[in-house]
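# Fold and geometry: a report
Chain by chain, the residues:
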Amino acid sequence: MSRPSLPPPELRAYLEELVRRTSAVCGDRLLSVLAVGSLALGDYRHGRSDVDVTVVVDPAPPRADLAPLAATLAHPALPCPAAGLELVVHAADFAARPSGEAGYLLDLNTGPFLPERVSYDPSDASDFWYVIDRSVAHQAGLPLYGVPAREVIAAPDRTTVLAALRASVREHADGDGHLADNRVLNGCRATVHCRTGHWFAKRRAGEIVAASEPAFESLVAAEALRSFERPRAEAAVLPAGDVREFLAWVAARVEEAAEGAGV
């Protein structure tokens, strides 16, 4: 078992209670509770970021046991101090192998700024979000309880990740339900991952792209990064045409990488 690293002070009591409630429901089945997303990459911003959590269990519990877990973790039964909680439960045998599937037992979205979602059927979801989350978890998952991330989460292979990035960029290009600054910085993260095979925090990826691509420096540095510093409710309106042009450029970079990898 690994010793947990410390999450941001604003989240510590919440995450401790989340782990306690998860353990109370899952019992001996609980292997790991891992922070992923911005928490894992060291870029959590209070008032802006979600809390992303991956839970690994062995063996997989019946659905009848997962419904109480969703109920006890849902906001406001457990008040979420972040923009929201995005929590996924995976069975250990699924998480331990590379996969391009969503593959979850439970997908819970809840919190003050997230639409409520409880799903037990991975066919309801787009696979690419979960592929990216598991890739980030394998690289940088922050242990809140139990077995370290790399011992329970397999890294999806590069072709699978590039296919997921292609789908992610396509969704952000549509813009539905996504803040403009997040769409731009997600594109920066995708671009840098294609170049390096490594996950960077969105803000750091934005800085890298702004420094290397003068044509987009103003959009990324002066607008998207500056807006990302604000609370979610105060995000700036970015020029729609500039955002579309940038995301088209990102899509081309992802396609180049995917073609190079034979995707």
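This text goes with the structure placed above it.
In this report, the structure presented in the accompanying data block is examined.

Before going further, it helps to examine the pattern of salt bridges. Side-chain pairing between opposite charges can occur once the charged atoms of the two side chains come close. This model, assessed by the stated rule, comprises 13 salt bridges. As a salt-bridge pair, arginine 21 and glutamate 17 come within 2.8 Å of each other at their nearest N and O atoms. In this pair, arginine 21 and glutamate 17 are both assigned in helix H1 (residues 9-26), four residues apart and thus about one turn of the helix distant. Accessibility expressed as a relative area gives 18% for arginine 21, which makes it buried. One salt bridge connects arginine 195 with glutamate 213, and the closest N-O pair in it is separated by 2.8 Å. One end of the pair, arginine 195, is in helix H8 (residues 180-196); the other, glutamate 213, is in the loop between helix H9 (202-212) and helix H10 (217-228), with 18 residues separating them in the sequence. The exposure class of arginine 195 is partly exposed, given its relative accessible area of 43%. Sharing partners across several salt bridges, the network here consists of Asp43, Arg45, Arg203 and Glu229.

Sheet faces and side chains relate simply in a regular strand, where the side chains alternate between the two faces. Within strand S2 (residues 51-57), seven of the seven residues are buried, leaving the element largely enclosed by the surrounding structure. Burial along S2 is two-sided: Val51, Val53, Val55 and Val57 facing one way and Asp52, Thr54 and Val56 facing the other are all buried. Sheet analysis places S2 next to strand S3 (residues 85-91), joined by seven bridges and oriented parallel. Counted as the bridge partner of valine 55 is valine 89 from S3. The handedness of the S2 to S3 crossover, carried by helix H3 (residues 63-73), is right-handed.

This part is about the sheet that holds strand S1 (residues 30-36). One key point about sheets: their strands pair by backbone hydrogen bonds, in either a parallel or an antiparallel sense. Sheet architecture is open: six strands sit in the order S5-S4-S3-S2-S1-S6, paired in mixed fashion. Either end of the sheet is taken by a strand with one partner, and the two such strands are strand S5 (117-119) and strand S6 (142-146). In this sheet, neighbouring strand axes are inclined to one another by 15° on average, regardless of whether the strands run parallel or antiparallel. Bridge analysis of S3 against strand S4 (residues 106-110) gives five bridges, and the strand direction is antiparallel. In the strand pairing of S4, leucine 87 is matched with leucine 108. Its contacts with the sheet place H3 against S3, S4 and S5, and it is angled at close to 15° to S4.

Take the environment of alanine 251 next. Structurally, alanine 251 is set in helix H11 (residues 240-260). Classification of alanine 251 as partly exposed rests on a relative accessible area of 29%. With 82 residues separating them in the primary sequence, alanine 251 and valine 169 have C-alpha atoms 6.3 Å apart.

We now examine helix H5 (residues 127-140). Between its first and last C-alpha, H5 extends 20 Å over 14 residues, near the 20 Å set by a 1.5 Å rise per residue. Every buried residue belonging to H5 is among Phe128, Tyr130, Val131, Ile132, Arg134, Ser135, Val136, Ala137 and His138, and all of these are buried.

Reading the values: the criteria
Residues numbered from 1 in each chain as written. Predicted model: local features only at pLDDT ≥ 70, side-chain atom pairs only at ≥ 80, totals over all residues. Heavy atoms only, no water. Salt bridge = Lys/Arg side-chain N within 4 Å of Asp/Glu carboxyl O. Helix = DSSP H or I, 4+ residues; strand = E, 2+ residues; numbered from the N terminus. Buried < 20%, exposed > 50% of the residue type's maximum accessible area, 1.4 Å probe, protein only. Pairing = 2+ DSSP bridges. Right-handed = clockwise from strand over helix to strand, strands pointing away. Axes fitted to C-alpha atoms, helices over the stretch in contact; angles between N-to-C directions. Contact = heavy atoms within 4.5 Å. Expected span 1.5 Å × (residues − 1).

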